Each structure stands twice: as structure tokens, then as C-alpha cells.
Amino acid sequence: MGVEVVVDGLTKSFGRQVIWEDVSLTLPAGEISVLLGPSGAGKSVFLRTLMGLLRPDRGHIWIDGHDLADCDENTFHELRGLFGVLFQDGGLFGSLNLYDNIAFPLRQQATAAEARIRQIVMAKMELLGLLGAERKLPGQLSGGMRKRAGLARALVLDPEIVLFDEPGSGLDPVRTAYLNQLIVNLNAETGATFVVVTHDVDTARTVPDSIGLLFRRELVMFGPREMLLSSDEPVVRQFLNAGMPGSDPDPGGPPPIPPRLMPSGNRIRHTRQAPGDLVRGQRRDPAAGIVRGRAGT
Ligand SMILES: Nc1ncnc2c1ncn2[C@@H]1O[C@H](COP(=O)(O)OP(=O)(O)OP(=O)(O)O)[C@@H](O)[C@H]1O
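These figures come from a predicted structure and were not determined experimentally. (Residues numbered from 1 in each chain as written. Predicted model: local features only at pLDDT ≥ 70, side-chain atom pairs only at ≥ 80, totals over all residues.)

A. Broad picture of the pairing of strand β7 (residues 161-165). Here β7 lies mainly inside the structure; five of its five residues are buried. Residues Ile 161, Leu 163 and Asp 165 line one face of β7 and the alternating positions Val 162 and Phe 164 line the opposite face, and both faces are buried. Relative to β7, strand β6 (residues 83-86) runs parallel, the two sharing four bridges. In the strand pairing of β7, Phe 83 is matched with Ile 161. In terms of strand pairing, β7 meets strand β8 (residues 193-198) through five bridges, oriented parallel. Its bridge partner lying in β8, Phe 164 is registered against Val 196. Between β7 and its parallel partner β8, the chain crosses via helix α6 (residues 173-190), and the hand of that crossover is right-handed. (Buried ≥ 20, exposed ≤ 12 C-beta atoms within 10 Å, placed from the backbone. Helix = DSSP H or I, 4+ residues; strand = E, 2+ residues; numbered from the N terminus. Pairing = 2+ DSSP bridges. Right-handed = clockwise from strand over helix to strand, strands pointing away.)

Following this line, the structure appears as C-alpha cells:
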């Protein structure tokens, strides 16, 4: 099972440019959280700060009782080892074939023999639908395959926390939908804590358990998907439900909440809340289709 990450009062600036201030949220263990925001809101900076690639000006990132933003070097390396990341472009080495790209983190660790490395790499390639493409170079792959290869490499060390930076960027809607389903399936398969940053509203509405909205240097709201999708907060409504910040909110109220994507096959996701529970608890009518399946089904 993945680990919980507690972000407390995080602030990041570059010189005099404040990117975001006083961000606090809890990423639930084993669940999918999506951070949504317009281009330039600082989503990628947030991911890079979360995994220790950038140092925050203030605040804490608590994981397993340690503060990633303020700990000794050994603890820092141990905490960094909990993360796997899918970079926007897949982050593959252009001169290495797919097999060697995916094997790279294992070889860097230098703890596993080649036979074991082969077993692990082939298992991840199978999981991501990449078997047969072992000898291809990244430049010979479609955008979708490059993303999946980047994901196989991100998963090769069985991380507890997986970060996705704009997984749909550069993909057409069909490939984005395929990748979204894959994310949900992989979350069920690995049980790791997933954090997805995106400006794709469809992804934010259907993939996560929780949604956060970064807008104008602050985290406007973070909470269960259904809470944000039924929120009356104008910025949240404008962004998540009408799609255009600054446009008039829909006078008829938020549009229906779409069903959450469920894992395909026999995979099971264990989440804290069944679809529809939250809006029912608020005495709102769940939208048609929302109450499909129970938590863990
Ligand atoms: N290393 C850096 N040094 C200085 N400024 C930076 C650095 N990295 C990012 N920024 C600035 O931080 C701001 C937020 O960038 P970021 O890439 O996090 O946005 P984003 O929300 O991920 O946007 P997009 O959706 O377009 O990827 C931008 O103004 C960017 O120029």
C-alpha cells in the first residue's frame, strides 16, 4: 500500500516571483489525487518540490514521520527512493532502446543480477502493453508508447508514490482516455499513492479520488472529487464545471458529476469512499451514472 503525504504550509518562489503560497493538503495513501490548474499555475513546480528536486522557501512535506523539506541526507535519499515519476515527455534517454531505458534504474542500483533485471523489465513491459518493442529507440515510438515506456521506467523500482506530470500532454483525446484508464488500472494493481498534475478537465473529473485546484498562487480547494465537482465556490465551478476561469458559472448549477473511471478486468481499488456517498451525504441528488459500483469494486 502507498504512503500518505502531508504537505503543510508549502511556499515556493523563484527570486521575487511567488509561484504558490501556504499550500497544505494530505495526499491519501494508495489513492489518486489530481492537481488541476491553468498553464503556469505552478503544477510542475509543485511536483518537483514534492519529490525533493526543488527546495521550498517554507513549509513541510511529511512522509512516514519525516520531513522531506528538512531532513538529513540519508533520510532524504530514502524518501526520494519512494518516488517514481512520469515526466511530461516520458523522460527517456534517446540513445537507449526501450529495454535499456526501463532497466536503467535497476542497473543504477546495482543490486540485481541481469537475469532478475530481465524478469522485472519484461513484467513491467507486459503490464504497460509494450512487449515486442524492446529494441526500439524512443524516437521510433508514438507519443502514447513513449509515455507508457516512461511509466514502465517510473514503476520499475516499485515506488510507493507515483507522480504524473501532464500525462495527456501531446496525446490526442483517444490516447489520453486510454492512458487515464491505464492510470486507474495501475493504481489498483500497485496500491501506490498517485499524484497527477494536469490542465485537462476531463481527466480531473473522472480519474481521481481527490482533486486540488491551483489558481493564482494558491491552492483554492483540495478534497474528494465529488466535493469539488458539486462545489458552489465560484472559482472551482468556473474551472472544473464550466472549463473557463473568468466565464460566468452555469446559472443552472454545476453539470452532472460523471462516473469515476473504474479499473478494468478483475482489478479492485480500495478507496475510502464509494462513488456517490459524498453527494448523497450532502443531500444532493447524485448525477445519473455516478453510483456505479461500490468502493473496492
Ligand atoms: N527553475 C525555474 N526557475 C525559475 N522559474 C521557474 C523555474 N521552473 C518554473 N518556473 C516558473 O514557475 C512558473 C510555473 O511553472 P510550471 O511549469 O510549474 O507551471 P505549470 O502549471 O506546470 O504549467 P504547464 O501546465 O504549462 O506545464 C512559471 O512562471 C515558470 O516560468
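B. Quick peek at helix α1 (residues 43-50). For α1, the tally of buried residues reaches six of eight residues, placing the bulk of the element in the interior. When α1 is considered as a whole, its buried residues turn out to be Lys 43, Val 45, Phe 46, Leu 47, Thr 49 and Leu 50. Count one or two residues on from α1 and you reach Gly 52, which has phi positive near 85°.

C. Seen up close, the sheet that holds strand β4 (residues 58-63). Overall, antiparallel pairing links the four strands, which are arranged β2-β1-β4-β5 in an open sheet. For this open sheet the edge positions go to β2 (17-27) and β5 (66-67), each flanked by a neighbour on one side alone. Note: strand β1 (residues 5-14) against β2, seven bridges, orientation antiparallel. Considered in β2, the bridge of Ser 13 is made with Val 18. Contacts from α1 reach β1, β2 and β4 within the one sheet, and its direction differs from that of β1 by about 120°. (Contact = placed C-beta atoms within 7 Å. Axes fitted to C-alpha atoms, helices over the stretch in contact; angles between N-to-C directions.)

D. Just the packing of helix α5 (residues 143-155) against α6, in detail. As a packed pair, α5 and α6 sit with axes 11 Å apart at the nearest point and diverge in direction by 15°. In terms of their interaxial angle, α5 and α6 are classed as roughly parallel. Considering the relative orientation of α5 and α6, their crossing is right-handed. Contact residues: Gly 144, Lys 147 and Leu 155 in α5; Arg 175, Tyr 178, Leu 179 and Thr 190 in α6. (Parallel < 35°, antiparallel > 145°, perpendicular 65-115°, else oblique. Left-handed = near helix turned anticlockwise from the far one by under 90°.)

E. Expanded view of the pairing of β1. Where β1 folds back onto β2 in an antiparallel hairpin, the turn is made up of two residues, including Gly 15, whose phi is positive at roughly 60°. As paired elements, β1 and β4 share five bridges and run antiparallel to each other. For Val 5, the partnering residue across the bridge sits in β4 and is Ile 63.

F. Molecular detail of the nonpolar core. Core analysis: the biggest nonpolar cluster contains 70 residues, and Ile 102, Ala 152, Leu 163, Ile 183 and Val 196 have the highest contact counts within it. In terms of residue count, α6 provides more of this core than any other element does, six residues in total. The residue makeup of this core includes at least three contributed by each of domain 1 (1-82 + 160-178 + 187-258) and domain 2 (92-158). (Core = buried A, V, L, I, M, F, W, Y, C linked by C-beta atoms within 7 Å. Domains from an automatic or database assignment.)

G. How the structure looks around α6. With 18 residues, α6 extends 25 Å from end C-alpha to end C-alpha; this agrees with the ideal 26 Å at 1.5 Å per step. Within α6 the residues assigned to the buried category are Thr 176, Leu 179, Asn 180, Leu 182, Ile 183, Val 184, Leu 186, Asn 187 and Ala 188. For α6, the elements touching its buried residues are β3 (32-36), α5, β7, β8 and α7 (201-206). In the segment just after α6, Gly 191 is the residue with positive phi, at about 70°. (Expected span 1.5 Å × (residues − 1).)

H. How the structure looks around the sheet that holds strand β10 (residues 218-224). The strand order across the open sheet formed by six strands is β6-β7-β8-β3-β9-β10, and the pairing between neighbours is mixed. In this open sheet, the two edge strands, each paired with only one partner strand, are β6 and β10. Looking at each pair of strands side by side, their axes are set apart by 15° on average, direction ignored. Together, β6 and β7 form the strand contacts of α5, whose direction differs from that of β6 by roughly 175°.

Function-wise, these values are silent; they only describe arrangement.
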